[in-house]
Every structure is written in structure tokens, then in C-alpha cells.
Amino acid sequence: MKKTAWGVAVVAVAAIGYAGASWTIGQQIEQRYTDEYDRALSMLGVGNVISHDYERGWFTSVGHTVIEFEVPEELFGVQDPAAEPPAETDPDIEGESKFRTVRLHLEDRVRHGPLPGWRIAAATIESRLTEIEGIDDATRKAFDGAKAPYLNTLFAFGGSYHGDFVLPAGEMRQPKLVAQWQQFDSTVDGTADTNRVKGKLNWPQMTMTPTAVDGTPANSIRILMRGMAGNFEMDRPQEGQPWMSAQGTYKGRVEEISLRRIGDGTSTESPLLAYNDMQLDSNTTLDGALLNMKLNVTSRGSVGGLAIDSLRLDSTLDRLDLEAMNSLKGLMQPAADPIAPNPDAQAGPEVSAVIEQLLVAKPAYAAKFTAVLGGQDGEFGYRLAVVDAPNQASSAFPPGMSPNLLLLSLLSQRVEGDASLLLPKSWLPAIANAVADPKLSVQSMKTVLDGLVAQRMLVADAQGWHADLKLKQGAVLLNGQPFKGMGPMVR
């Protein structure tokens, strides 16, 4: 009896101890959960949080959040072919809107440690989308074949975390479009101080296929994406900045992205455009509030029947002031015509100061596209950069001028750039053979290009056709001569 009593006592003490530990950990997790939720919403920059509550229990707690979005009506284009067409609305009539309010209801089920779900951890969180308000029956029906995404997160006692995000395989069926996708998976691992995350993603396939009203393939174009995978590592974005501005790296691969013609009366698909074995490599760094980004993309592919040996994009963005960009979002004129005069614009000096903050950092962007066809390189590249203001330049805010027009005016005074083009002569036979259209023969293409040479738009040599454009203080030079439009050019 004594042994039995001792055993019962030990079990009781252990149970009480576990419950106490779970309650204590629950308190700590609630604070961590609230802080991380606020940071995540700020980082993603999505919607408005209408409500958020957290019900803490001994072993399990539940959080509920409602996020509201203003969604363009054009996205709700799912219509029943037999239904009456919707009444047209006049956007000029006061009170009518081109947007629809949509609310997402999210639920987070938090299991406290020390053994949530029989795993040693501070907590596990199962995040689910439970309801969507504001969408019509036709849109709901279109997504009958889709399942809501979900996120499972495990928080370790040391403060680090591991998350698994899943979009289950499914489909969306509209009367004239079917989108189908295989399961998308992404994992994220965060450090204890939550300032550094790394992860990977995998999406085997997604297709978008236009269909006739009866569901058969339409005579149109099918979009295919296959074999997407990647790895990323990044710092937490600065407070109030979107996640795309986070300092970090991404390396990924897409096996295929293609556009194929379908529904031409045969069972085969005709390739129109294809990118194969696409490799992406991006690197984002921050120097204070200045954002710098590098992106390199390589691929091979085809256009119609024209095989392209390789494609490459190299781009750089330097010295973009994130603080100024964030301030401009709330100051720029939200007008249908962004450069229309606006007598009600009252934030002149404030807008001028923020625009000057953006320009004084001298942001710059450059991109170069290279293609190899038949062993010969063709190129197109350009660069734009903000430079010091001319002595006579003014950033004053004239009465009635919109903030958007002021920015364009200042950019015209302080942007310099150049662009270049190389079209190899050896490309013309390959293009003509692939197109197989008498109207696009080698001779017809050469006639057009020689006409542009005659107008000094292009320069011809033994290698091919070239063009060089320079922009400085509003003046444009094309191939070393002042640009005077598409007509003959005069020295």
C-alpha cells in the first residue's frame, strides 16, 4: 500500500508540475506569439488587422485574427454563364467603388511545452485559414477543388523556431480557365533572436489552361511552370519595411516555364515560348537605409521553333533610400491621373524634402540582357542613375503641381543614362528559318535594318547592327548624334 501511495503521489506531483510548467511556458509563449505576430504583419505589409484575440489555457491556447483587404473587383471575374450579367457601375458616381472588402479569418492553435504533441519544445503552433468573407458563391465554387494553406511552427526552448508552410495540391475552375497545381512546400528556420531566417521552397508544377464553356481545351495558350526549388537566407527587415527589402540571398532553379498553343484540333501542343533550366541568384545588402540588390538569371530556351543556346540577365540596384521610399508612399498623390494638377496638394515642402532625400543618395539601376544564338552573342543593356542637381535646378513645390509631377520633373533634370544594342548578322538566317514565313525573310529583315541605318538609328559593321544611346541633363544622343525623332538626323 505504501508503494502504491508513493506511486500515486509521484504521478500526482508530476502531473501538477507538468501543468504548472505548461502554464508558465504558456505565459511566455503568449508574449512571444504576440510580438512575432505583430512583426510578421508589419513585415508582410498586408491588409488591416480588424481584430486579434488570444485565449490562453493550461495546455492549449487559441488565437484568432481577422485581416481585411480591399480587393479590385476585376479579380472577381468568375461568372456563371447562365447567370444574368452584373449591372454596370459608373466609377464617377459618388459612393460607388471599384474595390471589394474581403476578410480573412485565421486561427492559431498553440500547444504549450514541455511536451506539446509529444515533442520536446516550448510550443507548437498550428495556423489555419478558417473563413473568407466577402467573396461570392461563384468564386467559392471555383475553388471547390482547392484546400486552404496551413503553417505548422515549432518553438524550441532556446528561442529558435522551425516552420513548415504547405499549400496542398488543388485546382481552380472558372468557366474559361482551369488552374491546377501540385503541393507547394516551404520550410523556415529562425534564430533565437529572430533576426535571421533561412529556408527552402519546392513547387513541382503549376498549369493554367484556358477552356471553352463546356470545359474542353480552348484554342488558346497554356502556361506551365515545372520544377521550382530554391534556398534563401535573410535578416529580418527593418521596422516598417517589406520583406522584399530584407538583407540576404536567394538561389533557385526552375526546370521549365513555357507557353504552349493548345486546342488546334490535334492532341499535340505547339511550343510558343520556353525557358529551361532557369537559375536565379540574388543578393540584397543594406548600407544603413540604402538598399543594394544584385540579380543574375541564366537559362536556355526557345521562341517558336527558334532554339536559343543561352539567355542571361544581370541587373543591379544601388543606393535606394528605403526611409524616403516609405515616406513617399503616404505622400504621393493617389490620383487616377498621377500627373494632373492638384490644387488641393498641401504637403509641398514635406514632399520636396522627402524627394530630395531620395535623390541625394544617387540611386542607380542597370540591366544587361545577353542571348546566344548559333554561337553568336546578341546584347541589350541600359543604365539609369541620379546625379548631382544642376546649379539652376530647383526642388520647390509650385502651387497646384502634384507630388507625382514634381518627382518626374526633378528626375528629368538629374537622371543620366545610356543604352546599347547589338544584333549579330548571323541571327537573321536562324530567325527566318524558324519563322518559315516568306514575309519575314533574311532580305526583308535586312531591308528594314538598313533603313534604320540610313536614318542613323543603327550603325552597321561586319559583325552586325549596333545602337548606342546616351541621356544627360535632358539631352539625348543616339550613336553620337543629337536625337531628333524617327526622321532623318542632321548634324
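Residues numbered from 1 in each chain as written. Predicted model: local features only at pLDDT ≥ 70, side-chain atom pairs only at ≥ 80, totals over all residues. Heavy atoms only, no water.

Asks: Lay out the overall build of the protein with the relevant residues and their values.
Replies: When helices and strands are counted, the protein shows seven helices and 22 strands. Within the protein, the fraction of its 491 residues that count as buried is 32%. Taking the contacts inside the protein whose residues are at least 6 apart along the sequence as the reference set, 60% of them involve residues at least 24 apart. As displayed, the protein offers around 28,400 Å² of accessible surface, 59% of which is attributable to carbon and sulfur atoms. (Helix = DSSP H or I, 4+ residues; strand = E, 2+ residues; numbered from the N terminus. Buried < 20%, exposed > 50% of the residue type's maximum accessible area, 1.4 Å probe, protein only. Contact = heavy atoms within 4.5 Å. Areas by Shrake-Rupley, 256 points an atom, 1.4 Å probe, with all protein chains shown as cover.)

Asks: Which residues make up unusual backbone geometry, and what are the values?
Replies: The backbone phi angle of Asp 277 is positive, close to 50°, even though this residue is not glycine. Mapping Asp 277 onto the fold places it in strand E13 (residues 270-287). Its identity as a non-glycine residue notwithstanding, Lys 362 has a phi of 55°, on the positive side.

Asks: Go over the nonpolar core, please, and point to the residues and values.
Replies: Counting residues in hydrophobic clusters, the biggest one holds 15 residues, and the most contacted among them are Leu 291, Leu 320, Leu 328, Ile 355, Leu 358 and Leu 359. Taken together, the elements giving at least two residues each to this core come down to strand E15 (306-321), helix H3 (322-329), helix H4 (348-360) and helix H5 (403-414). No other element matches the five residues that H4 contributes to this core. (Core = buried A, V, L, I, M, F, W, Y, C linked by side-chain atoms within 4.5 Å.)

Asks: An account of a nonpolar patch on the surface is needed here, citing residue identities and associated values.
Replies: A surface patch of nonpolar side chains, about 250 Å² in accessible area, is lined by Phe 369, Phe 380 and Leu 421. On the secondary structure map, Phe 380 appears in strand E17 (residues 376-386). Since its relative accessible area comes to 37%, Phe 380 is described here as partly exposed. (Patch = residues over 30% accessible without salt bridge, like charges linked within 9 Å, V, L, I, M, F, W, Y side chains within 5 Å. Salt bridge = Lys/Arg side-chain N within 4 Å of Asp/Glu carboxyl O.)

Asks: How would you summarise the pairing of strand E14 (residues 290-303) if you had to cite specific residues and measurements?
Replies: As paired elements, E13 and E14 share 13 bridges and run antiparallel to each other. The residue bridging Leu 286 from the neighbouring strand is Leu 291, located in E14. Direction of pairing for E14 relative to E15: antiparallel, over a ladder of 12 bridges. Counterpart to Leu 295 in the pairing with E15 is Ser 315. Hairpin connection of E14 to E15: two residues between the antiparallel strands, including Gly 304 at a positive phi of 60°. (Pairing = 2+ DSSP bridges.)

Asks: Outline the environment of Val 435, supporting the account with residue identities and numerical values.
Replies: For Val 435, the position within the fold is in helix H6 (residues 427-435). Residue Val 435 is classed as partly exposed on the basis of its relative accessible area, which comes to 40%.

Asks: Break down the pattern of salt bridges for me, with residues and values.
Replies: This model, assessed by the stated rule, comprises 19 salt bridges. One salt bridge connects Glu 68 with Arg 103, and the closest N-O pair in it is separated by 2.8 Å. Here the residue Glu 68 occupies a position in strand E2 (residues 60-72), and Arg 103 occupies one in strand E3 (residues 99-112), the gap between them amounting to 35 residues. Using a relative accessible area of 15% as the deciding quantity, one classes Glu 68 as buried. Classification of Arg 103 as partly exposed rests on a relative accessible area of 30%. In this structure, Arg 253 engages Asp 277 in a salt bridge whose closest nitrogen and oxygen atoms are separated by 2.8 Å. A residue pair is termed long-range when its members are at least 10 positions apart, and Arg 253 in strand E12 (residues 248-262) and Asp 277 in strand E13 qualify at 24 residues.

Asks: How would you summarise helix H7 (residues 442-454) if you had to cite specific residues and measurements?
Replies: Residue pairs three or four apart in sequence face the same way in an α-helix, which turns once every 3.6 residues. With 13 residues, H7 ought to run about 18 Å at 1.5 Å a step, and its terminal C-alpha atoms sit 18 Å apart, in line with that. In the stretch just after H7, Arg 456 is the one whose phi turns positive, near 65°. (Expected span 1.5 Å × (residues − 1).)

Asks: Outline H6, supporting the account with residue identities and numerical values.
Replies: Along H6, the residues classified as buried are Trp 427, Leu 428, Ile 431 and Ala 432. Down the axis of H6, the buried set is contained in an arc of 125°. They therefore lie on one face. In this fold, the buried residues of H6 make contact with E15, strand E16 (364-373), E17, strand E18 (415-424), H7 and strand E20 (464-472). Among the residues trailing H6, Ala 436 stands out with phi positive, at a value near 55°. (Arc of directions from axis to C-beta.)

Asks: How would you explain the environment of Asp 377 if you had to name every residue and give the values?
Replies: Within the element layout of this structure, Asp 377 appears in strand E17. Residues Asp 377 and Leu 422, 45 residues apart in the sequence, show an inter-C-alpha distance of 8.2 Å. Not counting the four nearest positions on each side in its chain, Asp 377 is found in contact with Thr 370, Ala 371, Val 372, Leu 422, Pro 424 and Trp 427.

Asks: Before we move on, could you go through the packing of aromatic side chains and cite the residues and values that matter?
Replies: Any pair of aromatic rings gets described here by the distance separating the centres and the angle formed by the planes. Overall, the coordinates contain six aromatic pairs when judged by the stated rule. On the numbers, 5.5 Å between centres and 80° between planes, the contact of Phe 184 with Trp 203 is edge-to-face. Taken together, the residues span a long stretch of sequence, with Phe 184 in strand E9 (residues 184-190) and Trp 203 in strand E10 (residues 196-210) at a distance of 19 residues. Phe 184 sits in the buried class, given a relative accessible area of 15%. A relative accessible area of 18% places Trp 203 in the buried class. Joined through ring pairs, the aromatic side chains of Tyr 365, Phe 369, Phe 380 and Tyr 382 make up one cluster. (Phe/Tyr/Trp six-rings, centres within 6.5 Å; stacked < 30°, edge-to-face > 60°.)

Asks: Describe the packing of H6 against H7, with residues and values.
Replies: Two elements in contact, H6 and H7, have axes separated by 9 Å at closest approach and are oriented at 130°. Overall, the two elements H6 and H7 adopt an arrangement that is oblique. In this structure, H6 meets H7 at a crossing whose hand is right-handed. Contacts between H6 and H7 involve Leu 428, Pro 429, Ile 431 and Ala 432 on the former and, on the latter, Val 442, Met 445, Lys 446 and Leu 449. (Axes fitted to C-alpha atoms, helices over the stretch in contact; angles between N-to-C directions. Parallel < 35°, antiparallel > 145°, perpendicular 65-115°, else oblique. Left-handed = near helix turned anticlockwise from the far one by under 90°.)

Asks: Describe in detail the side chain of Thr 187, supporting the description with residues and values.
Replies: The topology assignment puts Thr 187 in strand E9. Among the residues examined, Thr 187 registers a relative accessible area of 17% and is labelled buried. Residues in contact with Thr 187, not counting those within four places in the same chain, are His 162, Gly 163, Asp 164, Lys 198, Gly 199, Lys 200 and Phe 232.

Asks: Please provide a residue-by-residue account of the confidence of the model for the protein, values included.
Replies: In the predicted model, the protein carries a mean pLDDT of 78, and the fraction of residues at 70 or more is 71%. By mean pLDDT, helix H1 (residues 2-44) is the weakest element of the protein at 48, and E16 is the strongest at 96. The low-confidence segment residues 487-491 (pLDDT under 50) makes 11 contacts with residues lying over four places distant or belonging to another chain. (pLDDT = per-residue confidence, 0-100.)

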